[in-house]
Amino acid sequence: MEKEPRTRKRQYQENNHKDHDHDPNHKNAHEHHGHDHGNGSDHDDHDHGNGHDHHGHTDFLIRFYASLVATVPILALSPMIQDWFNFELDFPGREIVLFALAAFVYLYGGWPFLKGFKDEIADKNPGMMTLVAMAISVAFFYSTATLLGLEGDDFFWELATLVVIMLIGHHIEMRSIQRASGALDELAKLMPSSARRIRDETFEEVPIAALELDDVILVRPGERIAADGIVIEGESHVDESMLTGESVPVRKKKADQAVGGSVNKEGSLRIRVENTGEEAYLHKVITLVKEARASKSRTQNLADRAARILTFGALGAGILTLSVWLHIQDDPTFAIARMATVLVIACPHALGLATPLVVANSTTLSAQRGLIIRNRTAFEQARKVDLVYFDKTGTLTEGVFTVQSVKTLADVGKDDVIRLAAAVERHSEHPIAQGIVEYAERSGGKIPQAEGFAAEKGVGVKATVEDDDIAVVSPARFQKLGFSLEEENLDATATHVYVLKNDRPVGIVSLGDTVRKNAKAAVEKLQKRGIEVRMLTGDHERVAKVVAEKLDLDGYESEVLPEEKQEFVRRLQNENRHVAMTGDGVNDAPALAAADLGIPSVPAPMSPRKRPMSFS
């Protein structure tokens, strides 16, 4: 017996909303996207390199090798090491050589930690750098004192090994972060330095920074597209592999989206600029990389707090040791030696190396699997997730809608219904709109021009076509206008939109979406791990139910408005559930932000300009 998914049908104030809510900010099965025009800004905002990080990890590596070379003779010349391994290496001036090598390691190899100590003290926030600087300083100055006559054994070998371990740890961490994000940094270099702008049918070569919103640029075969925009003339195939990972060139024609940095393969394209500067796709990706570098995970913060506690604990233990031994033996030399031993041993070699290694490993593995980690704390919290909410359209389903049937409601032919609907929908980017337009184009009919296009969230789209007011609305809006829903002979699993001409119903267009091939396996894998899987969609209850049954979900919430999705997430969080949210559109952004783990997905049919930029 199949499991019946738990349902929750949303009730609105005036009526039951169903199926196709047109929304200019939504890519769900029932809501439309309008054109989101960004503000112009300049290309100079792009960060074209990673020089600082590269210099940082290279500097640590150079200091590591130099310190390692000096550490080998320090170990060989240290009496304690000789006693442990039962050998003797002595010659006139041995102590001077030992001191010189140790001083080099302390001053050159330990400089980053001494500088870090100064910064932490200035910030009144002692941590790992303070602890390391304190340990190597005590080891160096106490050992120097033993060479000058203070009774006790030197700790030059401890100083050297501590510096070497800490240097390699910091090098590994910085290198891993650079490698994981280096490929994304290269995206900034994809933008050409200039563009061929068209004004009054004259061409002028201008810097990228000079491009403004609604400028028209010409992109010839083999050239990179200089800005995000819409193709207004021409047809070509564009290579977006460096941006999307899709190796097959994407066909671009009139009204299609083009993303800056991609390569035009063959025909010439005229593109109207929509996004530049901070609104550009590449700039948003680069910003995410910078945020990822600046963020620290909870484990790293915990390690910093532990280092702070250890710093004060080591100082306290050292002072206590000195006081106790002075009280017991009244021998300052013996007491100082014990205090130095405590302070040196208190520095956690493993803590300084383990955290960078964990960060390196997790960051590298994530990058190899195509994950961009915006927030490391959220990444760590993934292990606690016990419930995952999936959006439906474009996430669990392909998000590619095809027209399955057309039903007329008046003395208007099916071809005219599609022709009028396509005239309005061609101005929308929603998958349903694309499905209607593509169907009309395949039918061979000429799609008329539409004027005064408007999209209203949760309602539909409308425009003037051939002097008639044409609207394509959701069943909920259709019913709210006072009409009875025509559902008897319609496919219960399809998504339906109603076409109105001068406020009179003339037809119903039914479209279908297909479940992704790997969706079932992904759901089963999560469920085997004890994670509850639910669907959160704005689509009609009957459509959501079919998808939920096909995938054997643990439950679903249907007919949910975009702004309401985060309510479901927060409600479960208040029940002490750890919730992950996966969605594909701007409409899912509030829920993604509210979830303990937000995982935006990138469905193929969506324009690059609308693709989510963050994994947080």
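Everything that follows concerns the structure shown earlier in this document.
Treat the numbers as computed from the prediction; the structure is a model and nothing was measured. (Residues numbered from 1 in each chain as written. Predicted model: local features only at pLDDT ≥ 70, side-chain atom pairs only at ≥ 80, totals over all residues. Heavy atoms only, no water.)

(A) Looking closely at the overall build of the protein. Scanning the protein from terminus to terminus reveals 20 helices and 20 strands. Every one of the 616 residues in the protein was classed for burial, and the buried ones make up 50%. Partitioning the intrachain contacts of the protein with sequence separation of at least 6 by distance along the chain shows that 69% fall at a separation of at least 24. (Helix = DSSP H or I, 4+ residues; strand = E, 2+ residues; numbered from the N terminus. Buried < 20%, exposed > 50% of the residue type's maximum accessible area, 1.4 Å probe, protein only. Contact = heavy atoms within 4.5 Å.)

(B) Fine view of the sheet that holds strand 6 (residues 250-252). Taken in spatial order, the three strands of this open sheet run 6-5-8, and their pairing is antiparallel. With partners counted over all chains shown, the strands left at the sheet margins are strand 6 and strand 8 (263-264), one partner each. In the sheet, strand 5 (residues 236-239) pairs with strand 6 via three bridges, with the strands oriented antiparallel. Pairing of His237 across the sheet is with Arg251, part of strand 6. (Pairing = 2+ DSSP bridges.)

(C) Focus on the packing of aromatic side chains. Under the definition given, this model contains 11 aromatic pairs. Each ring, one from Phe64 and one from Tyr65, has its centre 5.3 Å from the other, and the planes form 55 degrees; the classification is tilted. Just above the ring of Tyr108 sits the side chain of Arg63; from NZ or CZ to the centre is 4.6 Å. Between the NZ or CZ atom of Arg571 and the centre of the ring of Phe568, over which it lies, the distance is 5.1 Å. (Phe/Tyr/Trp six-rings, centres within 6.5 Å; stacked < 30°, edge-to-face > 60°. Lys NZ or Arg CZ within 6 Å of the ring centre and 35° of its normal.)

(D) Seen up close, the pattern of salt bridges. Under the criterion given, the structure shown has 21 salt bridges. Between Arg196 and Glu223 there is a salt bridge whose closest N-O contact spans 3.1 Å. Of the two residues, Arg196 sits in strand 1 (residues 194-199) while Glu223 sits in the loop between strand 3 (216-219) and strand 4 (228-233), which places them 27 residues apart along the sequence. What makes Arg196 buried here is its relative accessible area of 15%. One salt bridge in this structure joins Asp391 and Lys565, with 3.2 Å as the shortest N-O distance. Residue Asp391 is located in the loop between strand 10 (387-390) and helix 13 (392-396), and its partner Lys565 is located in helix 19 (residues 565-573); the two are separated by 174 residues in the primary sequence. Note on Asp391: relative accessible area 0%, which makes it buried. Here Lys565 falls in the buried class, since its relative accessible area comes to 0%. Several salt bridges converge on common partners, so that one network encompasses Arg197, Arg199, Glu204 and Asp215. (Salt bridge = Lys/Arg side-chain N within 4 Å of Asp/Glu carboxyl O.)

(E) The arrangement of the sheet that holds strand 12 (residues 450-456) in detail. The strand order 11-16-15-14-13-12 describes an open sheet built from six strands, whose pairing is antiparallel. Among the strands making up the open sheet, the edge pair consists of strand 11 (402-408) and strand 12. Strand-to-strand twist across the sheet, computed as the mean angle between neighbouring axes with direction ignored, equals 20 degrees. Relative to strand 16 (residues 504-512), strand 15 (residues 495-501) runs antiparallel, the two being bridged by seven bridges. Residue pairing for strand 16: Leu500 is matched across the bridge by Pro505. (Axes fitted to C-alpha atoms, helices over the stretch in contact; angles between N-to-C directions.)

(F) The arrangement of the nonpolar core in detail. Membership of the largest hydrophobic core comes to 40 residues, with the highest contact counts inside it found for Ile74, Ile136, Phe156 and Leu159. It is helix 5 (residues 128-147) that contributes the most residues to this core, 12 residues altogether. Setting aside its immediate chain neighbours within four residues, Ile74 contacts Leu98, Leu101, Ala102, Val105, Phe156, Trp157 and Ala160. If you look at the next biggest cluster of nonpolar residues, it comprises 27 residues, including Val437, Val472, Val499 and Val509. (Core = buried A, V, L, I, M, F, W, Y, C linked by side-chain atoms within 4.5 Å.)

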